[in-house]
Amino acid sequence: MATRLPEKEIVVIGGGLTAGLVARKLVPAGREVLVLERGPDWSGSAVGELPHQRDELRWATYRGMTRRENVETYTLRHSPDEEALPMRQLLSFLPGFGVGGAAQHWNGQTWRFSESDYVLRQHLTERYGAKSIPDGMTIQDWGLTYRDLQPYYEEFEALFGIAGKAGNLRGVRQAGGNPFEPWRATEYPLPPLEMSEASQIFKDATGQLGYEAFPLPAANASQPYRNPDGMQLGQCQYCGHCERFTCEANAKATPASLLFPLVRSRPNFELRAGAEVIRLNTTADGTRLESVSYVDVATGQEFIQPGSLFVLCSYTLSNVRLLLLSKIGTPYDPVTRTGTVGKNYCYQVTSGLNMFFPDRYINPFMGAGALGFVIDDFNNDNFDHTGLGFHGGGYISATQTNGRPIDTRRLPPGTPRWGSAWKKANADWYLRSMGLSVHGSNYANARNYMDLDPDYKDQWGRPLLRITFDFDDNDALMCRYVNGKMEEIAAAAGAKIVGKASVRKSPYDTRQYQSTHNTGGTIMGSDPGSSVVSPHLQSWDVENLFISGASVFPQNSGYNPTGPVGALGLRLAEDLLSYLSGPRRLG
Amino acid sequence: MSPDEPQGLSRRSLLTSAGALGVGVLAAPVGLARARQAGDTGENAEAQQAADAAQPDAVDGYQSLSLDDAAIVEALVGHMWPADDLSPDGVALGIATFIDRQLAGAYGQGDRLYLSGPFRQGKPEHGYQLACTPEQYFKAGLRQVAEVSAQRYAAPPDRLTTDQLEELLHVISQAPPQPAAFALNTWFNELFYPLFVRGAFADPIYGGNRGKQAWRMIGYPGLPATYATDIVTWRGRRHPASDSPMSIQDFS
């Protein structure tokens, strides 16, 4: 028997990045906010303290900060006519767990999406003709433009102390920045990080080929920083423990360090950790949410939490699953291509290669999550796709995130896998090798989607989310093309040995880490027939429900998603205040 | 005191030597235990004492591996990480101890694994689909390795020559030698081999990488890793910390 609790004004489901952005705005405005987070509050635990923060086995190999599979995992099949199997170990992507969500263990790579990303179908139709878009490529426009988001990007970058170099200040090209950057109103809040030997090699090689490499925009503070809220960041120590870790030096911008401390002591704010929302409860006519049901994971006891406004801020895949479990909206059907919930699941197309320099010390252990030089010439629609047979692209970079020895030891092709020759290769090359990588777009495909699994259940007996996903020809063609450009850079870099880049293609391999950039399923748009939320992120079906995070992206860009997730979250916070002043459909 | 000897060493060695008094018998290395079983040592008490004294501390002794399991694991990791001018062999490095501790601990017990049915055989890309824990899977694989060794060489893995061990590893890592509930190459490549690598390169607090020898071999400095000025100072040059790595234990 569930216990019914006193009503709260605003109930936020999930305690990650956008929950923090929403609370930061609403709580000081006097609104009552309750955040329900199923994972732990990490503050004061070994994860954020030396020496244990530097434990690669615990936090990286065994993924200590990320969602436990027996709390929630997903099933996977490669096409709608196959049987799905559960990902019993979540290895290819790492959903967040606990206060701060995935933005606690992120790398800090903070981009703005291209101006064409928000109007992708319109843009590609105008430039290449409608016929250039294959029938199965179900890309859509966002229902807003870069101009709408630009001020929020600016605000997010100021809050998170992004280190970088502007390439485009109000239309004026800036030397040293990204020539393809959408226009900015201000310079980055912090100067770029100090570059490593690998970055220098990349800059020299790309320069020889006529490209302009620029520093990757980083949420790793290049200097001590005080943000507009008065919150402090320390200076990055280049310790090489960003991704899969949280920062003990408080130099990586995170929700737990910059957002939640602002509101935690306020009487009108409450954060309940260990509270797993299991269902959104609509009114009898289905037009409004009246409460959520959650389980206290310590006791197994169920509670009903009523509220007047609800914000769904959990991870992409959990947002979708909660809508499906709560029977809100129409599930997507890949045969008729009708319905919207679960539609346009997208991922990221990534690849890389290794380079070996006998006489240069790369020192891979000195790194940061977003440290490196990049070229953007072959990303998205930054280049002419006429006659190429694919859309999209990716940026090419030499990022030096870490030299943690279990996972990051580069070995030349043909090295034996054990024995003295293997040991010697490790000894010879660990300090003298580096990688190049491609981080590429993944455009929607009619048969890639999410629904509820018919067979597999979680510990509370609820169906798991089933992901139907595979890379298609567009992905493989794009990857092959951009890999070719990366190989030219490797050749120009003068490495003694260059490894081979493999083309990302079918079948999607759940055993291999690729990216925690899962997008779609509750996509935004201006047409209720083809989207789940409006451009204001308001549910088309349930007026007092707003949905936040990368689940609203209609397709995925070649950039990392945290920048636009943050900008959308800040815009949402303003929209929520507006809604509270007079509940209505925002238009 | 060498750079490898942490400042907390005296307290730690006091504790471990006290512990060793109580668990001395369990602390005997398996190779030795097996030799005792076979009756080919024992007449020389002095040699016995010397062998016991050579055991550094009470981290030896296995929690999960049986004598037969341990003999196979030691044979494989001793071959895969051979003694040479770079370091002693994988058993001396602690890789077998590491694997044993992992099997007995949270990882081996499937602490966070999704273990609900139905269980079906998927494509390789679906990853782990077994109904058992990693510890059970690991031991089932060891039994298959022993069978392959018996069939091909009429001997257990720990009695094979170096060439035979090399061949055995290629056989079990490359193709399933016989119909089985699971493919032995998957077991080797996705369970045994990753554990072997982790045992070599994880922080020594887990029992492997003893004396940080694998870190020193490659030049990984370990902790505390604060390079705010070093990223510039040592750009393109060998960092002095590469020669004297520090581990979690050194800061505990």
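Residues numbered from 1 in each chain as written. Chains lettered and ligands numbered in written order. Predicted model: local features only at pLDDT ≥ 70, side-chain atom pairs only at ≥ 80, totals over all residues. Heavy atoms only, no water.

How should I be thinking about the overall build of chain A in this particular structure?
Across its full length, chain A holds 11 helices and 24 strands. For 587 residues, the compact-globule estimate of 2.2 N^0.38 gives 25 Å, and the C-alpha radius of gyration of chain A, at 23 Å, lies within 12% of that figure. Counting only C-alpha atoms and orienting by the principal axes, one finds that chain A spans roughly 70 × 55 × 50 Å. In chain A, which comprises 587 residues, the share counted as buried stands at 66%. (Helix = DSSP H or I, 4+ residues; strand = E, 2+ residues; numbered from the N terminus. Rg over C-alpha atoms; globule rule 2.2 N^0.38 Å. Buried < 20%, exposed > 50% of the residue type's maximum accessible area, 1.4 Å probe, protein only.)

Please clarify how the overall build of chain B should be interpreted in this entry.
A count of helical and extended segments in chain B gives 11 helices and zero strands. Along chain B, helices (α) and strands (β) appear in the sequence α-α-α-α-α-α-α-α-α-α-α when read from the amino end. Considering chain B as a whole, with its 252 residues, one finds that 47% of them fall into the buried category. Residue pairs at least 24 apart in sequence account for 64% of intrachain contacts in chain B once pairs closer than 6 positions are excluded. (Contact = heavy atoms within 4.5 Å.)

Would you mind going over the confidence of the model for chain B with me for this structure?
Should pLDDT be low for a region, the predicted coordinates there are not to be read in detail. All names here are of chain B. In this model, chain B carries an average pLDDT of 82, and 74% of its residues clear a pLDDT of 70 or more. Note on residues 51-55: pLDDT under 50 across the span, and six contacts to partners over four residues away in sequence or across chains. Two summary scores accompany this predicted model of the complex, namely pTM at 0.92 and ipTM at 0.96. (pLDDT = per-residue confidence, 0-100.)

Before we go on, may I ask you to explain the pairing of strand 17 (residues 372-375) of chain A in this structure?
Both faces of the sheet carry side chains from a regular strand, because those side chains alternate between them. All names here are of chain A. Burial along strand 17 is two-sided: G372 and V374 facing one way and F373 and I375 facing the other are all buried. Direction of pairing for strand 8 (residues 214-215) relative to strand 17: antiparallel, over a ladder of two bridges. If you follow P215 over to strand 17, its bridge partner there is F373. Relative to strand 18 (residues 394-399), strand 17 runs antiparallel, the two sharing four bridges. Across the sheet, the residue bridging to G372 is T399, located in strand 18. (Pairing = 2+ DSSP bridges.)

Looking at this structure, how should I read the interface of chain B and chain A?
How large an interface is tends to be reported as the accessible area lost when its parts come together. Tallying the contact residues gives 72 residues for chain B and 66 residues for chain A. Summing both sides of the interface, chain B and chain A together bury roughly 6,000 Å²; the carbon and sulfur share of this comes to 58%. Our enumeration of links across chain B and chain A arrives at eight salt bridges. When the shortest N-O distance is used, the salt bridge between R68(A) and D111(B) registers 3.1 Å. Counting every contact that joins chain B to chain A gives 39 residue pairs in polar contact (both at pLDDT 80 or more). Looking at the side of chain B that touches chain A, the elements with two or more residues in it are helix 4 (67-80), helix 6 (95-104), helix 8 (162-174), helix 9 (184-201), helix 10 (213-218) and helix 11 (230-233) of chain B. In terms of residue count, the dominant contributor to the side of chain B that touches chain A is helix 9 of chain B (nine residues). (Buried area = accessible area lost by both parts, 1.4 Å probe. Salt bridge = Lys/Arg side-chain N within 4 Å of Asp/Glu carboxyl O. Polar contact = N/O pair within 3.5 Å; in protein donor to acceptor, adjacent residues only side chain to side chain.)

Would you take a moment to explain the state of the cysteines for this structure?
A covalent bond between the sulfur atoms of two cysteines is what we call a disulfide. Counted according to the given criterion, the structure contains zero disulfides over all chains. Its sulfur unpaired, C346(A) is 16 Å from the next cysteine sulfur, which belongs to C479(A). (Disulfide = S-S within 2.5 Å.)

What should I look at first to understand the sheet that holds strand 20 (residues 449-457) of chain A in this one?
By definition, the strands of a sheet pair up through backbone hydrogen bonds, in either a parallel or an antiparallel sense. Residues and elements named next belong to chain A. Strand order in this open sheet of four strands is 5-4-21-20, and the pairing throughout is mixed. A strand with exactly one partner marks an edge of an open sheet, and here the two such strands are strand 5 (85-86) and strand 20. In this structure, strand 4 (residues 74-77) lies alongside strand 21 (residues 463-468), joined through four bridges in parallel fashion. By the bridge assignment for strand 21, Y74 is matched with L465. Strands in contact with helix 8 (residues 316-325) are strand 4, strand 20 and strand 21; relative to strand 21, the strand with the most contacts, it is inclined by about 120°. (Axes fitted to C-alpha atoms, helices over the stretch in contact; angles between N-to-C directions.)

What's the story with the packing of helix 7 (residues 134-153) of chain B against helix 8 of chain B in this structure? I'm lost.
A packed helix pair is summarised by two numbers, namely the angle formed by the two axes and the spacing between the axes. Residue and element names in this part refer to chain B. Two numbers describe how helix 7 lies on helix 8: the axes approach to 11 Å, and their chain directions differ by 125°. Taken together, the axes of helix 7 and helix 8 lie oblique to each other. Where helix 7 crosses over helix 8, the two elements pack in a sense that is right-handed. Residue-level contacts link V145, V148, S149, R152 and Y153 of helix 7 to Q164, E167, L168, V171 and I172 of helix 8. (Parallel < 35°, antiparallel > 145°, perpendicular 65-115°, else oblique. Left-handed = near helix turned anticlockwise from the far one by under 90°.)

Is there a simple way to think about helix 11 (residues 562-580) of chain A in this case?
Since the α-helix advances by 3.6 residues per turn, residues separated by three or four positions end up pointing in the same direction. Over its 19 residues, helix 11 of chain A runs 26 Å from end to end, which matches the ideal 27 Å to within 8%, given 1.5 Å per residue. For helix 11 of chain A, a buried count of 16 out of 19 residues is recorded, marking the element as mostly surrounded by other parts of the structure. (Expected span 1.5 Å × (residues − 1).)

Any chance you could explain the packing of aromatic side chains here in plain terms?
The geometry of an aromatic ring pair is captured by the separation of the ring centres together with the interplanar angle, meaning the angle of the planes. Under the counting rule described, the total for this entry stands at 50 aromatic pairs over all chains. Plain terms: the ring middles of W422(A) and F201(B) are 6.4 Å apart, the flat faces sit at 75° to each other, and that makes the pair edge-to-face. Of the two residues, W422(A) is situated in helix 9 (residues 420-429) and F201(B) in helix 9; the pairing between them involves two chains. Neither residue differs from the other here; W422(A) and F201(B) are each classed as buried. Each member of the aromatic cluster is reached from another via a ring pair, and the members are W111(A), F113(A), Y118(A), W142(A), Y146(A), Y153(A), W183(A), F214(A), Y395(A), F553(A) and Y559(A). Geometry around Y193(B) places R417(A) over its ring, the cationic atom sitting 4.3 Å from the centre. (Phe/Tyr/Trp six-rings, centres within 6.5 Å; stacked < 30°, edge-to-face > 60°. Lys NZ or Arg CZ within 6 Å of the ring centre and 35° of its normal.)

Explain helix 5 (residues 197-208) of chain A to me, please; I cannot follow it from the model alone.
All names here are of chain A. Its 12 residues give helix 5 an end-to-end C-alpha distance of 17 Å, which sits within 8% of 16 Å, the value for a rise of 1.5 Å per residue. The inward-facing, buried residues of helix 5 abut strand 16 (349-356), strand 17, strand 18, strand 19 (433-440) and helix 10 (473-493). Just past helix 5, the residue G210 takes up positive phi, approximately 90°.

I would appreciate a short explanation of the pattern of salt bridges in the present structure.
Oppositely charged side chains can pair when the atoms bearing their charge come close. All names here are of chain A. Tallied over the entire structure, the rule returns 45 salt bridges over all chains. Residue R38 is joined to E276 by a salt bridge in which the shortest nitrogen-to-oxygen separation is 3.1 Å. Remark: E276 occurs in strand 12 (residues 275-282) and R38 occurs in the loop between strand 3 (33-37) and helix 2 (56-61); sequence separation between them is 238 residues. Here R38 and E276 have matching classes, each one buried.

Any chance you could explain the sheet that holds strand 19 of chain A here in plain terms?
Residue and element names in this part refer to chain A. The strand order 8-17-18-19-16-22 describes an open sheet built from six strands, whose pairing is antiparallel. The open sheet is flanked by strand 8 and strand 22 (497-498), the only strands paired with a single partner. Pairing of strand 16 with strand 19 involves eight bridges; the strand directions are antiparallel. The residue of strand 19 that forms the bridge with L353 is L436. Along the sheet, helix 10 makes contact with strand 16, strand 17, strand 18, strand 19 and strand 22, crossing strand 16 at roughly 20°.

Just to check I follow, could you spell out the side chain of Q348(A) for this structure?
Residues and elements named next belong to chain A. Within the secondary structure, Q348 is located in the loop between strand 15 (343-346) and strand 16. Among the residues examined, Q348 registers a relative accessible area of 0% and is labelled buried. At 3.5 Å, the side chain of Q348 and the side chain of H439 are in polar contact. What Q348 contacts, discounting residues up to four positions off in sequence, is H439, G440, S441, N442, F471, S515, H517, N556, S557, G558 and Y559.

Hey, could you run me through the environment of G177(A) in this one?
Residues and elements named next belong to chain A. As for its placement among the helices and strands, G177 is situated in the loop between strand 7 (172-173) and helix 5. The class for G177 is buried, based on a relative accessible area of 2%. For the pair G177 and G164, spaced 13 residues apart in sequence, the C-alpha to C-alpha distance is 8.0 Å. Other than its neighbours up to four places away in sequence, G177 contacts K165, A166, G167 and F214.

I keep staring at the packing of helix 8 of chain B against helix 9 of chain B and nothing clicks. Help me out?
All names here are of chain B. Direction vectors running N to C along helix 8 and helix 9 enclose 100°, while the axes themselves pass 6 Å from each other. As the angle between them shows, helix 8 and helix 9 are arranged roughly perpendicular. For the pair helix 8 and helix 9, contact is made by L169, I172, S173 and Q174 and by L184, N185, F188 and N189, respectively. Class assignment for the residues of the contact of helix 8 with helix 9 results in four nonpolar, four polar and no charged. (Nonpolar A, V, L, I, M, F, W, Y, C, P; charged D, E, K, R; others polar.)

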